[in-house]
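Chains, contacts and geometry: an overview
Read off the chains here:
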Amino acid sequence: MSTTTKQPSPGGCCNTRNIGPPVMCCGKPSAPFALQIAALSVVAVGFLFSAGAVGTCDFVTRKAMEYADARDIKGGIFSFNIDEDCRTYNDYYVDSPMEVAQAFGILASLFGGLVLVTMVVSLFVGFPRWAWLTLMIVLCCVAPSQLITLSMYGAYFCTDEISGVEDCTPDAGTYLTLIAFCLWITGAILICRLPSMDKAIVNCGGGSCCCCNGSQQCNKYPKNQQHRSAGGTAGVAVRRKKVTTEVVDLSGVRTITTEIVPI
């Protein structure tokens, strides 16, 4: 059984507002879905790099001079490394530049983590445009906070004159910080381009639309129904489903087709 109705489209092809983006369109991942997953992935990696930069005790290195009776000294934002053993700084080395690096390092990881959690939630809850812009602004604040941790190079740990040891040079924590900064900026750019989504990507029972080859295609999730077979066999139930397809052509005419097909 099928029914077909035609009526003018209120918004023309690809008018998908209040419908929600599909995961697949024309056999390929839809643009909003791919963009949202890309943004989520970038933010996730950025958070890992940011947390690693703050937690490592190899943020900077003071290398021993050649032929000097000394050894390399590595320092992080919260601890330093001697013989592969991380130890907490004593009050002698904790000065203003180090405290600034500690504070902004925590802020960058904390707010970056909040953005990551929110991005995960967005897979299940549709977000309006202003929500994406808010996340973008947060990341634009997280990125410079991440760079401020480089004030560690002005801390007494790096400026203190130690015989036989060179000045601070970059180590793993510094590189993680720079990569995290780039990822925060990239994540903000991707999030800025996300459209308003009144329905979530992970759609539990709703419908979705997309523009494929100049026509808007809307497929709704079918509801399974049970009907007796056409042959009239008593006691035998045939599972069927109702499929509704909506297509809008280039002239703006919308065609809705409903079919009941066996599963």
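Residues numbered from 1 in each chain as written. Predicted model: local features only at pLDDT ≥ 70, side-chain atom pairs only at ≥ 80, totals over all residues. Heavy atoms only, no water.

**A short note on the overall build of the protein**
Tallying secondary structure elements over the protein gives 5 helices and 13 strands in all. Looking at the 263 residues of the protein, the share that counts as buried comes to 36%. Partitioning the intrachain contacts of the protein with sequence separation of at least 6 by distance along the chain shows that 67% fall at a separation of at least 24. (Helix = DSSP H or I, 4+ residues; strand = E, 2+ residues; numbered from the N terminus. Buried < 20%, exposed > 50% of the residue type's maximum accessible area, 1.4 Å probe, protein only. Contact = heavy atoms within 4.5 Å.)

**Some thoughts on the packing of aromatic side chains**
For the structure on display, the rule yields 4 aromatic pairs. Look at Phe127 and Trp132: their rings are 5.1 Å apart centre to centre, the planes differ by 45°, and that puts the pair in the tilted class. There is no split in this pair, since Phe127 and Trp132 are both buried. (Phe/Tyr/Trp six-rings, centres within 6.5 Å; stacked < 30°, edge-to-face > 60°.)

**Quick notes on helix H3 (residues 129-148)**
In this model H3 runs 30 Å from its N-terminal to its C-terminal C-alpha over 20 residues, within 8% of the 28 Å that 1.5 Å per residue would give. Restricting attention to buried positions, one finds in H3 the residues Ala131, Trp132, Leu135, Met136, Leu139, Val142, Ala143, Ser145 and Gln146. (Expected span 1.5 Å × (residues − 1).)

**What to know about the pattern of salt bridges**
The tally for this structure, following the rule as stated, stands at 1 salt bridge. Between Lys74 and Asp171 there is a salt bridge, and its shortest N-O distance comes to 3.8 Å. Pair noted here: Lys74 is in strand E5 (residues 73-75) and Asp171 is in the loop between strand E8 (165-170) and helix H5 (172-192), with a separation of 97 residues, a long-range link. Classification of Asp171 as buried rests on a relative accessible area of 15%. (Salt bridge = Lys/Arg side-chain N within 4 Å of Asp/Glu carboxyl O.)

**Details of the packing of helix H2 (residues 96-121) against H3**
Following both chains from N to C, one finds H2 and H3 inclined at 155°, their axes separated by 8 Å at the closest point. One element, H2, and the other, H3, form an angle in the roughly antiparallel class. The hand of the H2/H3 crossing is left-handed. Between H2, through Val100, Ala101, Phe104, Ala108, Phe111, Gly112, Val115, Thr118 and Met119, and H3, the contact on the second element is made entirely by Trp132, Leu135, Val138, Leu139, Val142, Ser145, Gln146 and Ile148. (Axes fitted to C-alpha atoms, helices over the stretch in contact; angles between N-to-C directions. Parallel < 35°, antiparallel > 145°, perpendicular 65-115°, else oblique. Left-handed = near helix turned anticlockwise from the far one by under 90°.)

**Overview of the state of the cysteines**
Note on terminology: disulfide describes a covalent bond linking the sulfur atoms of two cysteines. Applying the stated rule across the entire model yields 2 disulfides. Across the disulfide from Cys57 sits Cys86; the S-S distance is 1.9 Å. Of this pair, Cys57 sits in the loop between helix H1 (31-55) and strand E4 (60-64) while Cys86 sits in strand E7 (residues 85-88), and the two are 29 residues apart along the sequence. The disulfide bridge from Cys158 ends at Cys168, spanning 2.1 Å between sulfur atoms. Here Cys158 and Cys168 share a disulfide; its torsion about the S-S bond, -95°, makes the bridge left-handed. Here Cys168 lies in strand E8 and Cys158 lies in helix H4 (residues 156-159), a separation of 10 residues in the sequence. (Disulfide = S-S within 2.5 Å.)

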